[in-house]
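# Chain and residue survey
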Amino acid sequence: MADTRRTAGPAFHRLTFVPEGDEVLVGRTGTDSYALFPADGALLLHKLTTGMPLAEAVAWYNAAYDEPVDMDDFLETLDDLGFLLAEGEEPAPEEPAAVRYERLGRAVFSPVAWIVYAAVAVVCVVLLVRMPDVRPYPRALFFTESLLLVQVGLLFAQLPFVFLHESFHALAGRRIGIPSSLGVGRRLYFVVFETTLNGLLGVPKKKRYLPFLAGMVADTLVFCLLVFAAALDAHLNGNGLTFIGRFAVALAFVTALRFVWQFYLFLRTDLYYVFSTALGCVALHDTTRALIRNTGCRLLGLRNRMVDLEQWSERDRRVARWYAPFAAAGVLVMLLTAALTAVPVLAHFVRLLVDRLGRAGDPDSGFWDTVGFLVLSVVQFGLAGVVALRDRSRARAEQRLRQERKQNGNPAQAAPADTPAPEPAPTTAALHAEQEHSR
């Protein structure tokens, strides 16, 4: 850190201060740099951001809390977090620039829109009750006799709906002025849509819930509209569903599975972020996993493989003790979903495969369709395995490189020293970056 910042006083980026129980979540506006500070550290930081000279801030802290503060270490912590302006760097304007699509976000989640969404949901329930043909169920996935068409159709047709899911996340963030971004990436070889809500932790809790839940709202609307399409097809046909209606029911079933997936609380799902926010936690997922791991290691006598829980905040550790059963319940939900959906679908697949492949002596269109399905499946799993092995190899190479640099004394790779009390201990706050892909 430059000496001028210690003599003339530091200059800060625009920071947000949000109370989180007995602590304060401080973040740099427009970035994903956040840290939990004890109340005294946050108050000291706030006084510095208002222009209080360093010497006066030290004197104030000593008088207010009757204990000294190491200002050099405090400034080092702030610099590591990226809160300090570099020499010659201009601060962001006090009034943030208007967020693009903010009006669209407000319209999508306006009171009128919620009334429309509620009406759509009610009509959907009525159709499901009165028209058994439009009810999604596992066998509905087989909307055609061609297994190859089922595989390709479901793979690509749901991509627009996944994109809509992520768009609702982004619009809910832009509605409150958060410059959320929606991008396209990959997970293994799958196309992935990613929503990043930089700045969401800088707003009060009550404003964070809708951006987290907006994707589930989109899934509900998509499900209802697909049921509407199937019902319209049945009405126009007058004698059951045509190909279009069956395809709509199949997509509705896949959409319902994506909705249920949000209840897998052992993962970082939309509902997990809601619970984590409501409970005032920062890294509840990692803390809970570490706690469960330590419990298993303790029961198996593998204490040398236990994880140090002190690296997470006290609140995260305290909440994780009773949140762990909810994470385990998420595993139960996953197993029940698999038993009710995946097992019937797999059983039907196996029956079809055995029946059609048994015609190898006299192959027909069904036989060759099944062969094409198997070839495409093998290619998918094989490609996934190759990409996974390549990524793991790259990760190991990068880890070895970091270890070599650390052994050579490269200061850029050395871990920062812990900041002594009573100064703030930064805790990384993971932002919502929901990633969906077609399975």
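Since we're looking at a predicted model, the values are computed, not measured.

### A word on the overall build of the chain
- Scanning the chain from terminus to terminus reveals 14 helices and 6 strands.
- Looking at the chain as a whole, 42% of its 439 residues are labelled buried.
- Long-range pairs, those at least 24 residues apart, make up 71% of the contacts in the chain with a sequence separation of at least 6.
- Summing over all exposed atoms, the chain offers an accessible surface of approximately 23,900 Å²; the carbon and sulfur share of this is 61%.

### Topic: the nonpolar core
- Core analysis: the largest hydrophobic core is formed by 44 residues, its most contacted members being Phe 109, Tyr 117, Leu 141, Phe 142, Leu 147, Leu 154 and Phe 168.
- The set of elements that each furnish at least two residues to this core consists of helix H6 (111-130), helix H7 (147-157), helix H8 (159-175), helix H9 (209-237), helix H10 (243-261) and helix H13 (314-357).
- With 13 residues, H9 is the single largest residue contributor to this core.
- In this structure, Leu 197, Val 203, Leu 265 and Ala 320 belong to the second largest nonpolar core, which totals 23 residues.

### Observations regarding the sheet that holds strand S2 (residues 23-28)
- The sheet built from 3 strands is open, its strands ordered S1-S2-S3 with antiparallel pairing. Each having just a single partner strand, strand S1 (15-20) and strand S3 (34-38) make up the two edges of the open sheet. Between one strand and the next, the sheet's axes are offset by a mean angle of 30°, whatever the strand orientation.
- Sheet topology note: the S2/S3 ladder contains 5 bridges and is antiparallel. Residue Val 24 lies in a different strand from S3, and its bridge partner there is Phe 37.
- Of the strands in this sheet, S1, S2 and S3 are in contact with helix H2 (residues 39-49), which crosses S3 at around 110°.

### Comments concerning helix H11 (residues 270-278)
- Of all 9 residues in H11, 7 are buried, a share of seventy percent or more.
- Residues Asp 270, Leu 271, Tyr 272, Tyr 273, Val 274, Ser 276 and Thr 277 constitute the buried set of H11.
- Where H11 is buried, its residues touch H8, H9, helix H12 (284-300) and H13.

### Remarks on a nonpolar patch on the surface
- Among the surface-exposed residues, Leu 148, Val 152 and Phe 156 lie close enough to one another that they form a single nonpolar patch of about 230 Å² accessible area.
- Among the structural elements, Leu 148 can be located in helix H7.
- Overall, Leu 148 belongs to the partly exposed group, its relative accessible area being 30%.

### Considerations on the side chain of Thr 255
- Assignment of secondary structure puts Thr 255 in helix H10.
- Apart from residues no more than four positions distant in its own chain, Thr 255 is found in contact with Asp 219, Val 222, Phe 223 and Leu 226.

### Some thoughts on the packing of H7 against H8
- As a packed pair, H7 and H8 sit with axes 5 Å apart at the nearest point and diverge in direction by 25°. The orientation of H7 with respect to H8, classified from their angle, is roughly parallel. Contacts between H7 and H8 involve Leu 155, Phe 156 and Ala 157 from the former and Leu 159, Pro 160 and Phe 161 from the latter.
- For the contact of H7 with H8, a count of residues per class yields 6 nonpolar, no polar and no charged.

### Description of the packing of aromatic side chains
- All chains considered together, the criterion is met by 15 aromatic pairs.
- Each ring, one from Trp 60 and one from Tyr 61, has its centre 6.2 Å from the other, and the planes form 65°; the classification is edge-to-face.
- Its relative accessible area of 1% is what places Tyr 61 among the buried residues.
- Summarising the aromatic geometry, the rings of Phe 109 and Phe 168 are spaced 5.5 Å apart at their centres and angled 80° between planes, so their arrangement reads as edge-to-face. Residue Phe 109 is located in the loop between helix H5 (102-108) and H6, and its partner Phe 168 is located in helix H8; the two are separated by 59 residues in the primary sequence. Taken as a pair, Phe 109 and Phe 168 share a single burial class, namely buried.
- Through successive ring pairs, a cluster of aromatic residues spans Phe 109, Trp 114, Tyr 117 and Phe 168.

### Regarding the packing of H9 against H11
- Two elements in contact, H9 and H11, have axes separated by 8 Å at closest approach and are oriented at 160°. Looking at the two axes, H9 sits roughly antiparallel to H11. For H9 against H11, the interelement crossing comes out left-handed. Listed contacts from H11 to Tyr 209, Phe 212, Leu 213, Gly 215 and Met 216 of H9 are Asp 270, Leu 271, Tyr 273, Val 274, Thr 277 and Ala 278.
- Of the residues belonging to the contact of H9 with H11, the class tally is 8 nonpolar, 2 polar and 1 charged.

Thresholds applied
- Residues numbered from 1 in each chain as written.
- Predicted model: local features only at pLDDT ≥ 70, side-chain atom pairs only at ≥ 80, totals over all residues.
- Heavy atoms only, no water.
- Helix = DSSP H or I, 4+ residues; strand = E, 2+ residues; numbered from the N terminus.
- Buried < 20%, exposed > 50% of the residue type's maximum accessible area, 1.4 Å probe, protein only.
- Contact = heavy atoms within 4.5 Å.
- Areas by Shrake-Rupley, 256 points an atom, 1.4 Å probe, with all protein chains shown as cover.
- Core = buried A, V, L, I, M, F, W, Y, C linked by side-chain atoms within 4.5 Å.
- Pairing = 2+ DSSP bridges.
- Axes fitted to C-alpha atoms, helices over the stretch in contact; angles between N-to-C directions.
- Patch = residues over 30% accessible without salt bridge, like charges linked within 9 Å, V, L, I, M, F, W, Y side chains within 5 Å.
- Salt bridge = Lys/Arg side-chain N within 4 Å of Asp/Glu carboxyl O.
- Parallel < 35°, antiparallel > 145°, perpendicular 65-115°, else oblique.
- Nonpolar A, V, L, I, M, F, W, Y, C, P; charged D, E, K, R; others polar.
- Phe/Tyr/Trp six-rings, centres within 6.5 Å; stacked < 30°, edge-to-face > 60°.
- Left-handed = near helix turned anticlockwise from the far one by under 90°.

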